[in-house]
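Fold and contact review
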Amino acid sequence: MTRPIVVIPSCSKSIGGLTFDAVGRKYSAAVAEVADCQPLLVPLGQSMADICAVLDIADGILLPGSLSNVEPKHYGDEEPLDPATVDRDRDAVTLPLIRSAVERKLPLFAICRGFQELNVALGGTLHQAVHIVDGHQDHREPTDEDFDIKFGPKHKVRLAGELKSWLGQDLLTVNSLHWQGINKLANPLVAEAFAEDGLVEAIRAPAGNAFSLGVQWHPEWRPKNNPASIALFRRFGDAARVRTSKGRAA
């Protein structure tokens, strides 16, 4: 049997004055090497991203992190604090894709920006800049150019619910680095991890979804060296394999 197909939506990236569809290699590598699934990148743009066609071939969806942010118009009436971080083409693909994937109970793993997209797509809101919100710590990434430092452990999160059961521990040290964060949790979602300042750092779709998880941290960074990352990617891959065995249209 061929490996399950995990769809990964791209981001817009400008290189040499031209627009590229891009995904960090660490995301597709984690899908291939830890989840043991076949990553398939989806380009952006209205003419190139047929949501129904994507869902018909997908056994799972991974929403990667990005330097861009969800545009605030999707969860309120604020203007973007930094318009340069907006990626409207990605929002146009991922937000409807998430809603359809959750409705179909398709395995979904949402990371960093993807975690924020999952909350927004289902009706939640975000803080544009957590570090200026009273009572919250500074969750931004360090400016160090050494990626092992940039993506290294940052703080502990307290686990709850299914995630606590999956990982078999109460506390987990994570490499969480971000500007935006959950303000209002979407009504269908369940919070399953909390930072020391109370910020929600993991969310799960309602019962009945075999694997529909969002995490604010970066399990795709050197996942083979992290038991929790291995556990999450393998569980995601297993859910995709079950989906394959049942037939994608189910």
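Scroll up for the structure.
This report concerns the structure included in the present document. (Residues numbered from 1 in each chain as written. Predicted model: local features only at pLDDT ≥ 70, side-chain atom pairs only at ≥ 80, totals over all residues. Heavy atoms only, no water.)

1. Focus: the pairing of strand β1 (residues 5-9)
- Among the five residues that make up β1, four are buried, leaving the element largely enclosed by the rest of the structure.
- Direction of pairing for β1 relative to strand β4 (residues 38-42): parallel, over a ladder of five bridges. Bridge pairing in β4 places valine 7 opposite leucine 40.
- Sheet topology note: the β1/strand β5 (residues 60-63) ladder contains two bridges and is parallel. Bridging from a neighbouring strand, valine 7 pairs with isoleucine 61 of β5. (Buried < 20%, exposed > 50% of the residue type's maximum accessible area, 1.4 Å probe, protein only. Helix = DSSP H or I, 4+ residues; strand = E, 2+ residues; numbered from the N terminus. Pairing = 2+ DSSP bridges.)

2. A few points about unusual backbone geometry
- Positive phi, close to 60 degrees, is recorded for aspartate 36, a residue that is not glycine.
- By the element assignment, aspartate 36 lies in the loop between α1 (25-33) and β4.
- A positive phi angle, near 45 degrees, is found at arginine 222, a position not held by glycine.
- Tracing the sequence through the fold places arginine 222 in the loop between β13 (212-215) and α7 (227-246).

3. Considerations on the packing of helix α3 (residues 88-103) against helix α4 (residues 113-121)
- Here α3 crosses α4 at 65 degrees, and the two axes come no closer than 9 Å. As the angle between them shows, α3 and α4 are arranged roughly perpendicular. In this structure, the crossing between α3 and α4 has a hand that is right-handed. Along the contact surface, α3 presents Arg90, Asp91, Thr94, Leu95, Ile98, Arg99 and Val102, while α4 presents Arg113, Gly114, Glu117, Leu118, Val120 and Ala121.
- Residues of the contact of α3 with α4, tallied by class, amount to six nonpolar, two polar and five charged. (Axes fitted to C-alpha atoms, helices over the stretch in contact; angles between N-to-C directions. Parallel < 35°, antiparallel > 145°, perpendicular 65-115°, else oblique. Left-handed = near helix turned anticlockwise from the far one by under 90°. Contact = heavy atoms within 4.5 Å. Nonpolar A, V, L, I, M, F, W, Y, C, P; charged D, E, K, R; others polar.)

4. Topic: a nonpolar patch on the surface
- The grouping of Ile15, Leu18 and Phe20 at the surface amounts to a nonpolar patch, some 280 Å² of accessible area in total.
- Inspection of the secondary structure assignment puts leucine 18 in strand β3 (residues 18-22).
- Of the residues examined, leucine 18 reaches a relative accessible area of 55% and is grouped as exposed. (Patch = residues over 30% accessible without salt bridge, like charges linked within 9 Å, V, L, I, M, F, W, Y side chains within 5 Å. Areas by Shrake-Rupley, 256 points an atom, 1.4 Å probe, with all protein chains shown as cover. Salt bridge = Lys/Arg side-chain N within 4 Å of Asp/Glu carboxyl O.)

5. Re the pairing of strand β11 (residues 190-195)
- The element β11 is extensively covered by neighbouring structure, given that five of its six residues are classed as buried.
- Pairing analysis gives three bridges linking strand β8 (residues 155-159) to β11, with the strands arranged antiparallel. Bridged to arginine 158 within β11 is phenylalanine 194.
- Examined bridge by bridge, β11 and strand β12 (residues 200-204) share four bridges and lie antiparallel to one another. Within the sheet, the bridge partner assigned to valine 190 lies in β12 and is arginine 204.
- In this structure, the hairpin formed by β11 and β12 is closed by a connection of four residues, where glycine 198 is found at a positive phi of approximately 90 degrees.

6. Describing the layout of surface pockets
- Of the pockets and cavities examined, the largest pocket occupies roughly 1000 Å³.
- Every residue lining the largest pocket is counted, 35 residues in all, and those nearest its centre are Gly65, Ser66, Leu67, Ser68 and Glu141.
- By residue class, the composition of the lining of the largest pocket is 15 nonpolar, 12 polar and eight charged.
- In terms of lining residues, the second largest pocket is bounded by 17 residues, among which Phe151, Pro153, Thr173, Asn175 and Asn226 are the most central.
- Its residues placed into classes, the lining of the second largest pocket shows nine nonpolar, six polar and two charged. (1 Å grid on protein atoms, 1.4 Å probe; cavity = no way out; pocket = protein on both sides within 12 Å on 5 of 7 lines; lining within 4 Å. Points joined across faces, edges and corners; volume = space filled by probe spheres on them.)

7. As for the packing of aromatic side chains
- Applying the stated criterion across every chain yields a total of eight aromatic pairs.
- Between phenylalanine 147 and phenylalanine 151, the ring centres sit 6.3 Å apart and the planes meet at 25 degrees, which makes this aromatic pair stacked.
- Taking the relative accessible area as the measure of exposure, phenylalanine 147 reaches 47% and is therefore partly exposed.
- Since its relative accessible area comes to 11%, phenylalanine 151 is described here as buried.
- Each ring, one from phenylalanine 211 and one from phenylalanine 236, has its centre 5.4 Å from the other, and the planes form 50 degrees; the classification is tilted. Of this pair, phenylalanine 211 sits in the loop between β12 and β13 while phenylalanine 236 sits in helix α7, and the two are 25 residues apart along the sequence. Of the two residues examined, phenylalanine 211 and phenylalanine 236, each falls in the buried class.
- Through successive ring pairs, a cluster of aromatic residues spans Phe109, Trp166, Phe211, Phe233 and Phe236. (Phe/Tyr/Trp six-rings, centres within 6.5 Å; stacked < 30°, edge-to-face > 60°.)

8. A closer look at the sheet that holds β1
- One open sheet holds the nine strands; their spatial order is β4-β1-β5-β6-β13-β12-β11-β8-β9, and the pairing between them is mixed. Strand pairing shows two members of the sheet lacking a second neighbour, β4 and β9 (171-174), which therefore form its edges. Ignoring which end each strand starts from, the neighbouring axes of this sheet average 20 degrees apart.
- The strands touched by α3 are β1, β5, β6 (108-111) and β13; relative to β5, the strand with the most contacts, the crossing angle is about 140 degrees.
- Packed onto the sheet, α4 meets β5, β6, β12 and β13 and runs at close to 115 degrees relative to β6.

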